[in-house]
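# Geometric and topological summary
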Amino acid sequence: MTAQQAVDHAGRDINTQAGDVLLKVEGAVKNFPIKQGIIFQKEVARVHAVSGVDLEVRSGETLGLVGETGCGKSTLARLIAGLYPMTSGRITFDGSDITNLPRKKMRPFRRDIQMIFQDPYGSLNPRRRVGSIIGDPFDIHGVADGAERKKRVQELMEVVGLNPEHFNRFPAEFSGGQRQRIGVARALALRPKLIICDEPVSALDVSIQAQVINLLDDLQNEFGLTYIFIAHDLSVVRHVSDRVAVMYLGKIMEFGPVDDLYGLPRHPYTNALLSAVPVPDPDRADTRERVILRGDVPSPVNPPSGCPFHPRCPKAQDICVEQMPPLEPVFDDPPEHRVACHFPVPEGEDISQCTPGIDQSGTGPLVGADLSAVATGS
Amino acid sequence: MTVIAADEVAQQKAGGPGHDIPPQKAIEGRTPLQLAWARLKKDRVSIACLIVIIVLVLVAIFANQLTSLIGHPPNEQYRDKGLAPNGLPVGPGGFFLLGGDDVGRDILSRIIHGTRVSLLVGVVATALAVLIGVSVGTMAGYFGGRVDTVLSRTMDVFLSFPFLLFAISLVSVFSPSVRISIFVIAFFTWANVGRIVRGQVLSIREKEYVEAARSLGAGDFRIMVVDVLPNLVAPILVYSTLLIPTAIVFEATLSFLGLGVPIPTPTWGNMISESQGTYLQAPGFLIFPSLALFITTLAFNLLGDGLRDALDPRAARVLARK
């Protein structure tokens, strides 16, 4: 997907040109308190879902966000969409600070930031007709009603490839792929600038995934949309994204243009993730080196000190336990390609041969977790 | 990016290969309630109960016309013909179709008029209880946190009242009337509804479509009414149907104790109470009002069960497998 000139469809001012920063996230932190007690609740612990994320999204691009289950991708998405209050940090959208705005002040921005959800079954109210689900945004923002709303709903259904005659049906009468199209139509209704896709295809069949991804791509070209595309399927992310951010335990580990990051992954974690992507050629699959990580992802209730990856990293040294490395370019990488690692992987190094310089015995069995489940999205 | 499935999209635009409905025909999805009604129609017991209930409602509405057809107003005492020479009530089939009571009134006329009170109290008290219960339960479940704590504890308090003791003392303070009966019954049943609704809302509010509505900018009130309530229709409908007979029995209990609707207005409860002195000699005096109460309660309960199966076919299948 290439960055496109943002076109004004809703007749509103556009302050952003393609390539400008549309969304900026600075030091985003989100903790969820764990409470105990029936009447008097006491906070006993905290889940550190997102701990200090800096990110900027440019107008017209697709930003991929990858990571294992529980690494905070979806929480970050919901912070940007304003569904959760932030613990600390700052979100700037199109030049305005939208951090923890009260609901009334957030409303105009809701039109510009929309979300597509993961579960096409859970994200549509089973008791309501498709026409009224897609018409919801018009109703909530008082944009169009009566015959006008019906006309626009049917136009939207046509745009996402649904039969406009079906607006009177219930979600249960559609297949998974069609339901996801309904979700896309709803997100598109108010002509947003930014659409956050929270694993939009991971609940779908592979053949349907392609359809939905193609649809999203077409819509991006047609309406000049900007996407934040969350997925745990690395090949899907590579296919759709312009830039990719790799997350681990609430932090960004590596961030860069898609070809740089997939071609020359610098972070040991990115290397491990990419080595788990299945190779369609059995001969090559047999000969290549797999990086098998030890243990499981540590609990975000009590994340490791320093670099959160140190208990599983084959290159970990003492400094990794003490200090979180900054996110910056290494070696002679372009300034765009940033990595947070004390010991980035140079070209040609096989990190499955590395041995850590610290004791990692507390992190679980040596056989460890197989990341292929993550990489294939199953 | 390659377009892999353009023809699939085209097919969907054309109505899809799987649909053999011609596109010019208006496509109207059936609502979940329409589907439930179709299932309910196949259940003979439920339909029989529904007919019984409709007949009861008609009897209650046309009670005056029916009694004038019989020719015996409910409160008219036929001391010469309606009582046996020894002063005991006459049996069924003679002067009165279902016999008379201890002061020579027609039991049939009184049962017909008693239907009014029973249904009125049953339906209105249930409606009131459901209204309060759904509002409180939805708010408790939706907002959670402190709101939930306060509302849930309040419901616990209401559920822990000993019903009869409180009903007796409340009624004796306010002097018995239909209105007080309704109020007392609703007062002691709404918390049951509230608890059930709260539990349902707790699971609904975590659904992605609620999050989707919030991300569109919908307010809490809108989400509760548009997104949460429609999903509560089934449990509320079932529970209301099961609550009506409970309310009717409560009313009969209060009337039996002389705390319900004041005499001489006939209710099933006070008829059963009045029969206590003479039921050995005139069993019909006790049996017929009890039968009316029994049939009404049974019809509502069986209909409630049938409704639950019709509204949640998965639950019915699980039960059938056992």
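Residues numbered from 1 in each chain as written. Chains lettered and ligands numbered in written order. Predicted model: local features only at pLDDT ≥ 70, side-chain atom pairs only at ≥ 80, totals over all residues.

## Concerning the overall build of chain A
Spelled out, the test is: Secondary structure elements follow DSSP: runs of H or I no shorter than four residues count as helices, runs of E no shorter than two count as strands, and numbering proceeds from the N terminus. With C-beta atoms placed from the backbone, the exposure class of a residue follows from how many other C-beta atoms lie within 10 Å of its own: 20 or more, buried; 12 or fewer, exposed; in between, partly exposed.
A count of helical and extended segments in chain A gives 12 helices and 11 strands. Looking at chain A as a whole, 47% of its 378 residues are labelled buried.

## Points about the overall build of chain B
This is how the line gets drawn: A pair of residues counts as a contact when their C-beta atoms, built from backbone coordinates, are within 7 Å of each other.
The helix and strand tally for chain B stands at 14 helices and 0 strands. Counting from the amino terminus, helix and strand elements in chain B follow one another as α-α-α-α-α-α-α-α-α-α-α-α-α-α. By the burial criterion, 40% of the 322 residues in chain B qualify as buried. Contacts in chain B between residues at least 24 apart in sequence constitute 71% of all its contacts with a sequence separation of at least 6.

## Remarks on the sheet that holds strand β4 (residues 88–93) of chain A
Residues and elements named next belong to chain A. Counted only if it meets this: Strands are treated as partners if at least two bridges between them are detected by DSSP. Between the N-to-C directions of two axes lies an angle of 0 to 180 degrees, each axis being a line fitted to C-alpha atoms and, for a helix, fitted only over the stretch in contact.
Strand order across the open sheet formed by 4 strands is β2-β1-β4-β5, with antiparallel pairing between neighbours. On the outer flanks of this sheet lie β2 (42–58) and β5 (96–97), each paired with one strand and no other. Pairing between strand β1 (residues 21–36) and β4: 5 bridges, direction antiparallel. Among the inter-strand pairings, Val25 is bridged to a residue of β4, identified as Ile91. Lying over the sheet, helix α1 (residues 73–80) contacts β1, β2 and β4, oriented at roughly 115 degrees with respect to β1.

## Points about unusual backbone geometry
Residue and element names in this part refer to chain A. Not every positive phi belongs to a glycine, and Asp94 is a case in point at roughly 55 degrees. Along the polypeptide, Asp94 turns up in the loop between β4 and β5. Judged by the 20 C-beta atoms lying within 10 Å of it, Asp94 falls in the buried class.

## Regarding the sheet that holds strand β8 (residues 226–230) of chain A
As a general point, the strands of a sheet are linked pairwise by backbone hydrogen bonds and lie either parallel or antiparallel. Residue and element names in this part refer to chain A. An order of β6-β7-β8-β3-β9-β10-β11 is seen for the 7 strands of this open sheet, with the pairing classed as mixed. Every interior strand has two partners, whereas the edge strands, β6 (113–116) and β11 (338–339), have only one. Examined bridge by bridge, strand β3 (residues 62–66) and β8 share 4 bridges and lie parallel to one another. What sits directly across from Thr62, in β8, is Tyr227. Across the face of the sheet, helix α5 (residues 176–188) comes into contact with β6 and β7 (194–198) while running at roughly 175 degrees to β6.

## Some details on the environment of Phe167(A)
Residues and elements named next belong to chain A. Counting through the fold element by element, Phe167 comes out in the loop between α4 (147–159) and α5. For Phe167, a count of 21 C-beta atoms within 10 Å translates into the label buried. Among all residues touching Phe167, those that are not within four sequence positions of it are Val130, Gly131, Val153, Gln154 and Met157.

## So, the confidence of the model for chain A
The predicted coordinates of low-pLDDT regions are not to be read in fine detail. All names here are of chain A. Selection rule: The predictor rates its confidence in each residue with pLDDT, a number between 0 and 100.
Across chain A, the average pLDDT comes to 81, with 89% of residues at 70 or higher. Note on residues 1–15: pLDDT under 50 across the span, and 32 contacts to partners over four residues away in sequence or across chains. Across residues 364–370, confidence stays below pLDDT 50; counting only partners more than four residues off in sequence or on other chains, it has 12 contacts.

## A word on the pairing of β8(A)
Residue and element names in this part refer to chain A. The cut-off we apply is this: Here, the term right-handed applies to a crossover whose path from the first strand over the helix to the second runs clockwise when the strands point away from the viewer.
Most of β8 sits inside the fold, with 5 of its 5 residues counted as buried. Alternating positions in β8 separate into two faces, Thr226, Ile228 and Ile230 on one and Tyr227 and Phe229 on the other, with burial throughout. The β-α-β motif built from β7, the intervening helix α6 (residues 206–223) and the parallel element β8 has right-handed crossover chirality.

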